[in-house]
Amino acid sequence: MIRKNYQAFRLPASWVVMSLFMLTITYSSCYYDVEEELYDPKCDSLDVTYMGTIRGIVFSYCQNCHNTGVESGGVILDTYEGIRAVVDDGRLLSAVKRDVVASPMPPPPSTRISDCAIEQIEVWIRRGAPKN
Amino acid sequence: MKHYTLTLILVLALVPNLALAQFDFNAEYDEPKPVKNTFYTTRIVNSHTTESLEKQTLDFRINHRFGEISGGAYEFFGLDQAMMRLGFDYGITDNLMVGIGRSAFEKTLDGFVKYRFMTQHDNDKKRPLSISLASGMSVNTLKWTDPDRKNYFTSRLNYSHQLMVARKFSEKFSLQLMPSLVHRNLIDSTKYSNDVIAMGIGIRQKILPSVTLNLEYFYIAPNQISDDFTHPLSLGIDISTGWHTFQLHLTNATGTFEKAYMTQVSNRWDKGQIHFGFNISREFHVGGY
């Protein structure tokens with residue numbers, strides 16, 4: 001009986017401690033940020049270069065699965081030549097635009113890459129996909 | 001001989017009555033007992049259940065979600081791709097548990113605390129339900145997509161709060177409702193909402209002595225998430241072998257933590273975008289007996 005009483009006291013105590021912990025974390029870092037408002041929504045599609053723009057996009061979205069170590073689908077995107085190969089056969093743009101011709105990339109459940117990034121890739125390809 | 005026959009008939013006639021009398025006798029003194037195994041494990045498919053780990057029990061969980069089955073033989077029906085979560089859950093008391101995990105989905109670390117306020121008891125009208133609350137937090141550890149802009153660590157954080165209300169109606173059938181709230185610190189557009197409210201339902205139907213059929217569905221209130229995303233629906237079976245539980249399922253959700261499976265489900269059942277997946281749970285008793 002004594003043990004029961006002791007436990008009855010302990011359970012709520014541990015719960016209160018954990019709740020306080022969770023509440024502290026939750027409300028100390030709870031934000032209502034929206035990218036559209038937080039960052040300049042304008043997309044820079046004029047100053048697009050391979051080194052300054054495209055390489056960064058491809059590296060952050062694609063390189064985890066497409067590199068010289070992990071050649072998912074035989075596609076290697078950590079070199080200009082590798083990227084150029086999928087630009088030339090149309091797969092890069094098709095995959096990121098998810099137009100159903102090539103497999104959608106990054107694959108679901110990841111979402112489409114940003115409209116701005118797609119626009120920058122399109123502009124770069126239209127200019128001949130130079131290594132600039 | 002006639003005497004023996006009569007005795008035998010009398011004994012046979014009385015034994016069931018005696019047994020029944022014994023049963024009735026016990027029934028009068030039946031104390032309320034906690035209902036066990038409302039669900040086999042602490043998850044239905046992705047969602048928490050009201051079940052809690054016993055005190056000082058460590059649960060090692062491996063969740064796998066494969067690619068789309070519609071990929072056909074070329075993609076080995078989805079098995080060529082996999083999304084996984086490794087996790088450790090621990091029972092601090094019989095009603096309080098904590099857990100951490102790491103998912104491949106957006107390279108996310110997540111943790112949660114779950115407390116069971118009420119446990120359903122037999123023969124107790126005051127405790128007809130099991131009720132638990134789970135609160136969790138996840139951290140996306142992907143590289144910033146635009147490292148040049150001012151990025152905030154808080155943009156990586158997401159929170160979830162989920163209330164589970166369950167009742168085991170019979171030995172075979174259990175039902176659970178899960179009103180849920182997911183908070184995302186950073187979203188793309190003002191068209192959507194940082195807070196996402198959802199209502200979940202979970203059903204468990206026992207079909208064999210240690211096999212159950214499970215269903216889990218979340219209704220996401222409209223105008224909170226992008227139209228690219230839909231409601232998660234999962235169907236599965238649980239196979240329990242004591243300390244192990246195997247959960248095999250078909251689902252359109254590939255993420256296995258709250259923010260992923262409630263707000264980022266891009267696949268649709270009606271388009272055949274279904275994934276095979278499994279959860280393996282292995283429990284260890286890590287404290288003294």
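Definitions and limits used
Residues numbered from 1 in each chain as written. Chains lettered and ligands numbered in written order. Predicted model: local features only at pLDDT ≥ 70, side-chain atom pairs only at ≥ 80, totals over all residues. Pairing = 2+ DSSP bridges. Helix = DSSP H or I, 4+ residues; strand = E, 2+ residues; numbered from the N terminus. Expected span 1.5 Å × (residues − 1). Buried ≥ 20, exposed ≤ 12 C-beta atoms within 10 Å, placed from the backbone. Arc of directions from axis to C-beta. Contact = placed C-beta atoms within 7 Å. Nonpolar A, V, L, I, M, F, W, Y, C, P; charged D, E, K, R; others polar. pLDDT = per-residue confidence, 0-100.

## Comments concerning the pairing of strand β8 (residues 157-168) of chain B
All names here are of chain B.
- Relative to β8, strand β7 (residues 130-140) is paired through 10 bridges, and the arrangement is antiparallel. Residue pairing in the sheet places Ser-130 in a bridge with Ala-166 of β8.
- Sheet analysis places β8 next to strand β9 (residues 173-184), joined by 9 bridges and oriented antiparallel. If you follow Val-165 over to β9, its bridge partner there is Leu-177.
- Counted along the chain from β8 to the antiparallel partner β9, the turn is 4 residues long.

## Some points on helix α6 (residues 115-126) of chain A
Residues and elements named next belong to chain A.
- Across its 12 residues, α6 extends 16 Å between first and last C-alpha, which sits within 8% of the 16 Å expected from 1.5 Å per residue.
- Regarding α6, the residues found buried are Ala-117, Gln-120, Ile-121 and Trp-124. The arc enclosing the buried residues of α6, seen along the axis, measures out at 100 degrees, which places them on a common side. Turned more than 90 degrees away from the buried face of α6, the exposed residues are Asp-115 and Arg-126.
- Tucked inside the fold, the buried residues of α6 contact α3 (50-62) and α5 (91-97).
- Immediately beyond the C-terminal end of α6, within one or two residues, lies Gly-128, with a positive phi of roughly 95 degrees.

## Comments concerning the interface of chain A and chain B
- At the junction of the two partners, chain A supplies 22 residues and chain B supplies 32 residues.
- For the side of chain A that touches chain B, the secondary structure elements donating two or more residues are α1 (2-28), β1 (33-34) and α2 (35-38) of chain A.
- A per-class count over the side of chain A that touches chain B returns 13 nonpolar, 5 polar and 4 charged.
- The sheet contact formed by β1(A) and strand β10 (residues 186-187) of chain B spans 2 bridges and is parallel. Of the residues in β10(B), the one forming a bridge with Val34(A) is Ile187(B).

## Topic: the confidence of the model for chain B
Residue and element names in this part refer to chain B.
- In this model, chain B carries an average pLDDT of 87, and 89% of its residues clear a pLDDT of 70 or more.
- Note on residues 14-22: pLDDT under 50 across the span, and 0 contacts to partners over four residues away in sequence or across chains.
- Overall fold confidence for the complex sits at a pTM of 0.71, while the interface term, ipTM, reaches 0.77.

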